[in-house]
Each structure stands twice: as C-alpha cells, then as structure tokens.
Amino acid sequence: ELKVEQNPLFLSMQEGKNYTIYCNYSTTSDRLYWYRQDPGKSLESLFVLLSNGAVKQEGRLMASLDTKARLSTLHITAAVHDLSATYFCAVPQIHTGTASKLTFGTGTRLQVTL
Amino acid sequence: DTAVSQTPKYLVTQMGNDKSIKCEQNLGHDTMYWYKQDSKKFLKIMFSYNNKELIINETVPNRFSPKSPDKAHLNLHINSLELGDSAVYFCASSRGGTGELFFGEGSRLTVL
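Parameters and conventions
- Residues numbered from 1 in each chain as written.
- Chains lettered and ligands numbered in written order.
- Predicted model: local features only at pLDDT ≥ 70, side-chain atom pairs only at ≥ 80, totals over all residues.
- Heavy atoms only, no water.
- Contact = heavy atoms within 4.5 Å.
- Buried area = accessible area lost by both parts, 1.4 Å probe.
- Salt bridge = Lys/Arg side-chain N within 4 Å of Asp/Glu carboxyl O.
- Polar contact = N/O pair within 3.5 Å; in protein donor to acceptor, adjacent residues only side chain to side chain.
- Helix = DSSP H or I, 4+ residues; strand = E, 2+ residues; numbered from the N terminus.
- Nonpolar A, V, L, I, M, F, W, Y, C, P; charged D, E, K, R; others polar.
- Pairing = 2+ DSSP bridges.
- Axes fitted to C-alpha atoms, helices over the stretch in contact; angles between N-to-C directions.
- Core = buried A, V, L, I, M, F, W, Y, C linked by side-chain atoms within 4.5 Å.
- Buried < 20%, exposed > 50% of the residue type's maximum accessible area, 1.4 Å probe, protein only.
- Disulfide = S-S within 2.5 Å.

Here we take up the interface of chain B and chain A. Residue-level contacts link 23 residues of chain B with 19 residues of chain A. Here chain B meets chain A over a buried area of about 1,800 Å², counting both sides, of which 56% is carbon and sulfur. The interface formed by chain B and chain A contains 1 salt bridge. Taking the shortest distance from any N to any O, the salt bridge between Glu 58 of chain B and Lys 101 of chain A comes out at 2.7 Å. The interface formed by chain B and chain A holds 7 residue pairs in polar contact (both at pLDDT 80 or more) in total. Elements represented by at least two residues in the side of chain B that touches chain A include exactly strand 4 (31–37), strand 5 (43–50) and strand 6 (53–57) of chain B. In terms of residue class, the side of chain B that touches chain A is built from 10 nonpolar, 9 polar and 4 charged.

So, in structure tokens, the structure goes:
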C-alpha cells in the first residue's frame, strides 16, 4: 500500500527565513503534486512534477522531484506571512488515462510569523 | 465564475438522516472525484467518475452513493448518517487522468 509522509507536520518560521518541507513516498511513481490549503478553504494546485529531476518554481516556492529516492521537496525562500497555509504533497497510486487516484501526504502546516 | 462548485457548503444534521451534496464543474473536464477530509486534515479519495462512468470506488460504506447525471455533475448521497461521517467532503475534477485536481470549496458535514 502506498504511503506518503511529510515532515515536518508543523512548521513555525519567521519572515525572511528559508526552509524545506519533505515528502517521502513508499512505491514507485514518476509524478507528484503539491497543493496548498488555507484554513477552511479549498485545495489549490501549486506544482505538477512529471519526471525525475523535475524542478518548478513559483515566487518564493520551489518544488523538486527525485523519483529514485522517492522524495520531493518544497523549498520556501524568504518566507512571508501570506505563505501561511497547509501544504500537501500527493502521489498517484493508480494512474490511467481516465482517472488518477491520488494518495495525499499528512500535510505540513506552515505558520510564518512577523 | 466558480470552476468547481459544491452545495451546500455546510450541513448540520442528526444521526440516521439522509443528506445529499451536489457538485458541478464548468472546466470542461471529463473526470470528477469525491474526497473526504477528516478532522486531522487527512484527505482520502472516495469515488471517481469519468464521463458518467464509475472508475474508482474505494472501500466506502454502501450508505454512500455517488451519481453522475452528466460529466459536469457529480452528486453524493449519504443514507443513515453516522457520527463518523462528520468531515469536509471535497469535489474535484481533472482532465482525464492528469492527476492535477481542481477542488471545490468543500461541504462541511456535521452529524449530531
């Protein structure tokens, strides 16, 4: 059974600091997704990583994928308060042309303090 | 114009009642999903439909019955509600099996 683990589960960091969230998964996958969820809100797609070595950046966030190590990282550069949210990684357990059964990680709750 | 919309946003009901949640997407996607998020924020897939056909059916009590009248709509009916059904239910859609899901705002169900 596919297991997806994130660490840390909770991260409190000061504005301006850098940090990395890790996502490990237990079975082979060539793709991985990152989502953001604000309290009481929907999940927003952040990054779609489709191959080994994929790196994507959007503003202060950068995501990478190492399929051999079964590891993805989400790096935060010079954090700002607006980045406070819960971040989820997700890995497809089944992936067909018609549907993708995503297994989500436990989530990392990020709190950026002034 | 909301891409994936769910109604209602909140439901509060007694044990044993039946309730429905409706979902509509205007993204032109052909695959829709129901996910459940529990109180610890853990997300788990329940069902997936592709062009009105059930594709994924997780180990969900048969009190839960999804229905997709067309590829833009996916509804969830729950019979004989139990306390453990309290959660936030998210509808999502994707273009085929791309895996990039677009989520609705969620429907928070509270069973008393």
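Right, let's talk about the sheet that holds strand 8 (residues 73–78) of chain B for a bit. Residue and element names in this part refer to chain B. Read from one edge to the other, the open sheet built from 4 strands follows the order 1-3-8-7, with strand pairing classed as antiparallel. Lying at the two open borders of the sheet, with one neighbouring strand each, are strand 1 (4–7) and strand 7 (64–70). Across the sheet, the mean angle from the axis of one strand to that of its neighbour is 15 degrees, orientation sign disregarded.

Further remarks concern the nonpolar core. Residues and elements named next belong to chain A. Ranked by size, the top nonpolar core spans 25 residues in total, and within it Leu 32, Trp 34, Leu 74, Ile 76, Tyr 87 and Leu 110 carry the most contacts. Counting residues per element, the ones that place at least two in this core are strand 2 (10–14), strand 3 (19–25), strand 4 (32–37), strand 5 (43–49), strand 7 (61–66), strand 8 (71–76), strand 9 (85–95) and strand 11 (108–113). No other element matches strand 9, which puts 4 residues into this core. Setting aside residues no more than four positions away along its own chain, Tyr 87 makes contact with Gln 6, Ile 21, Tyr 35, Arg 36, Leu 46, Leu 61, Leu 74, Gly 107, Thr 108 and Leu 110.

Tallying each qualifying case throughout the model produces 2 disulfides over all chains. With a sulfur-sulfur separation of 2.0 Å, Cys 23 of chain A is cross-linked through a disulfide to Cys 89 of chain A. With the S-S bond torsion at 80 degrees, the cross-link from Cys 23 of chain A to Cys 89 of chain A turns out right-handed. Taken as a pair, Cys 23 of chain A in strand 3 and Cys 89 of chain A in strand 9 lie far apart in primary sequence, 66 residues in all. Accessibility assignment for this pair places Cys 23 of chain A and Cys 89 of chain A in one class, buried. There is a disulfide in this structure between Cys 23 of chain B and Cys 91 of chain B, and the S-S distance comes to 1.9 Å. Judged by the torsion about the S-S bond (-80 degrees), the Cys 23 of chain B/Cys 91 of chain B disulfide is left-handed. Taken as a pair, Cys 23 of chain B in strand 3 (residues 19–25) and Cys 91 of chain B in strand 9 (residues 87–94) lie far apart in primary sequence, 68 residues in all. Each member of the pair, Cys 23 of chain B as well as Cys 91 of chain B, carries the same accessibility label: buried.

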